[in-house]
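Take a look at the letters that make up each chain.
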Amino acid sequence: MFEQLDQLIFRFDEIIELMSDPDVINDSDRLRKLSIEEADLRPKVEKIKKYKQVIQELEDTEEMLGGSLDPEMADLAKEELASLKADREQLEEEIRLMMIPEDPNDGKNIIMEIRGAAGGDEAQLFAGDLLNMYTRYAENQGWKVEVLSANITGIGGYKEVTLMITGQKVYSQLKFENGAHRVQRVPETESQGRVHTSTATVVVMPEQEELDFDLDENDIRVDIYHASGAGGQHVNKTASAVRMTHIPTGIVVAMQDERSQLKNREKAMKVLRTRVYDELQSERQEAFDSKRKLAVGTGDRSERIRTYNYPQNRVTDHRIGLTIQQLDSIMQGNLDEIINALVLYDQAQKLEELNGHE
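None of the values given here were measured: they were computed from a predicted structure. (Residues numbered from 1 in each chain as written. Predicted model: local features only at pLDDT ≥ 70, side-chain atom pairs only at ≥ 80, totals over all residues. Heavy atoms only, no water.)

Focus on a negative patch on the surface
- Negative charge collects at one region of the surface, where Glu57, Glu59, Asp60, Glu62, Glu63, Glu80 and Asp87 lie side by side.
- Only α3 (28–65) and α4 (71–98) provide two or more residues apiece to the negative patch.
- Looking at the negative patch, the element that brings in the most residues is α3, giving 5 residues.
- Position of Glu80 among the secondary structure elements: in helix α4. (Patch = residues over 30% accessible without salt bridge, like charges linked within 9 Å, V, L, I, M, F, W, Y side chains within 5 Å. Areas by Shrake-Rupley, 256 points an atom, 1.4 Å probe, with all protein chains shown as cover. Salt bridge = Lys/Arg side-chain N within 4 Å of Asp/Glu carboxyl O. Lys, Arg positive; Asp, Glu negative; His and termini not counted. Charge placed at Lys NZ, Arg CZ, Asp CG, Glu CD. Helix = DSSP H or I, 4+ residues; strand = E, 2+ residues; numbered from the N terminus.)

So this is what it looks like as structure tokens:
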């Protein structure tokens, strides 16, 4: 692994040189990609250079100890040597973590879909609670949340809601939220005080821009129709709702929340592109998973990943065996403890795999 370090430094220097090239400066797409790569490599290169400096200082100190030193200087050199060895071990571990192959989608925004599943009205109310939880978490991170479409029930729950979350490395933080979320609580409509179990499903997809993944327009059927639901006279007069069907996969996206047909088209295309990419990636992942189990869970979106137990104020993530007795705080968007634990577990698993191949 450490043989790759010089290659990273060489690539970083190459990027810095390219970013000052007039041809690159005039090519906004290429400049943007190079800027993202430079920002990703910079902390790694700084760490590598620090590591190389420690190695050089170690060699110099060992050389000093091999010469003729008075006892006092020899003691100081030995202390310095011990300190440098500790620094070297720490930096080596940090570099190992840093060199774990990143998911290429980690830096992307996401499209999230939340649906009420088993449990009727209670499941749909819980879908609304999850929407609120993720919205608050995103706001705590300084991210922007936009609801793209929502199918709201009469009692205020959600049959399904699609939202876009934009910000710094959103996917890297929320990608482990895929799966079935189970809630155990007494519904407001339950007169006997019995605890019911319901589920809602969450799907997290990295946003795919046209530059990342281009859909063939010949594979898309577009239907324009009148919006339904709230909206007064506008509903009956303006054909602004858009339905897009990707013929090869059968994926359908309908968008009607905007009054403008153009805006509905833009949103529908954004979601359709992301869903089709996600479908194709899922097929590849299934083939890959048949040979190797994923680090966190199986990746199956029907898998029950977490239970929210209201009577005991408890949340349990079943994939890593983590239980937290602060459900009320977590439902307010304070998800850091769970998300950090999932990220660390995933890193540890990948590091173990990386060490096994050295």
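The discussion continues.
Considerations on the pattern of salt bridges
- Evaluated as defined, the whole model comprises 18 salt bridges.
- With a closest N to O distance of 2.8 Å, Glu94 and Lys47 form a salt bridge. You can see Glu94 sitting in helix α4 and its partner Lys47 sitting in helix α3, a full 47 residues away along the chain.
- In this structure, Glu113 engages Arg115 in a salt bridge whose closest nitrogen and oxygen atoms are separated by 3.2 Å.
- When its relative accessible area of 5% is taken as the criterion, Glu113 is described as buried.
- Three or more residues are tied together by salt bridges with common partners; here these are Glu177, Arg306, Asp317 and Arg319. (Buried < 20%, exposed > 50% of the residue type's maximum accessible area, 1.4 Å probe, protein only.)

What to know about the sheet that holds strand β8 (residues 251–255)
- Pairing is antiparallel in the open sheet, where 3 strands are placed in the order β6-β7-β8. Looking at the sheet topology across the chains shown, the edges are occupied by β6 (220–225) and β8. Along the sheet, successive strands turn relative to each other by an average axial angle of 15°, direction set aside.
- Here strand β7 (residues 241–246) pairs with β8 via 5 bridges, running antiparallel. Looking at β8, one finds that Val242 is bridged to Met255. (Pairing = 2+ DSSP bridges. Axes fitted to C-alpha atoms, helices over the stretch in contact; angles between N-to-C directions.)

Focus on the packing of aromatic side chains
- Under the counting rule described, the total for this entry stands at 2 aromatic pairs.
- Taking 5.3 Å as the distance between ring centres and 65° as the angle between the ring planes, the aromatic pair formed by Phe126 and Tyr308 counts as edge-to-face. Placement of Phe126 in helix α5 (residues 120–140) and of Tyr308 in strand β9 (residues 304–309) is noted, with a sequence separation of 182 residues between them. Like Tyr308, Phe126 is buried.
- Their ring planes at 80° and their centres at 5.7 Å tell us that Tyr137 and Trp143 sit as a pair that is edge-to-face. Here the two residues Tyr137 and Trp143 agree in accessibility, since each one is buried. (Phe/Tyr/Trp six-rings, centres within 6.5 Å; stacked < 30°, edge-to-face > 60°.)

Focus: the side chain of Ser172
- Along the chain, Ser172 falls in helix α6 (residues 170–174).
- Since its relative accessible area comes to 12%, Ser172 is described here as buried.
- Polar contacts involving the side chain of Ser172 include one to the main-chain carbonyl oxygen of Lys169, which spans 2.7 Å.
- Ser172 has contacts with Asp106 and Val343, leaving out every residue within four places of it along the chain. (Polar contact = N/O pair within 3.5 Å; in protein donor to acceptor, adjacent residues only side chain to side chain. Contact = heavy atoms within 4.5 Å.)

A closer look at the nonpolar core
- By size, the foremost hydrophobic cluster in this structure holds 35 residues, and its most contacted members are Met112, Ile114, Leu130, Tyr134, Leu174 and Tyr308.
- At the level of elements, β1 (110–116), α5, β3 (158–166), α6, β5 (196–206), β11 (322–324), α9 (327–330) and α10 (336–356) are the ones that each hand at least two residues to this core.
- Here this core gets 8 residues from one element, more than from any other, and that element is α5.
- Ignoring any residue separated from it by four or fewer positions in sequence, one finds Leu174 in contact with Ile110, Met112, Tyr134, Tyr137, Trp143, Ile165, Val204 and Ile339.
- In terms of nonpolar packing, the next biggest core, distinct from the first, is built from 19 residues, Phe12, Leu58, Leu81 and Leu84 among them. (Core = buried A, V, L, I, M, F, W, Y, C linked by side-chain atoms within 4.5 Å.)

Topic: the sheet that holds strand β2 (residues 144–152)
- Pairing is mixed across the open sheet formed by 8 strands, whose spatial order is β2-β3-β1-β5-β4-β9-β10-β11. Each of the sheet's edge strands pairs with one partner strand only, and the pair in question is β2 and β11. Direction aside, the axes of adjacent strands within the sheet are offset by 15° on average.

The quantities given are spatial measurements derived from coordinates; they are silent on function.
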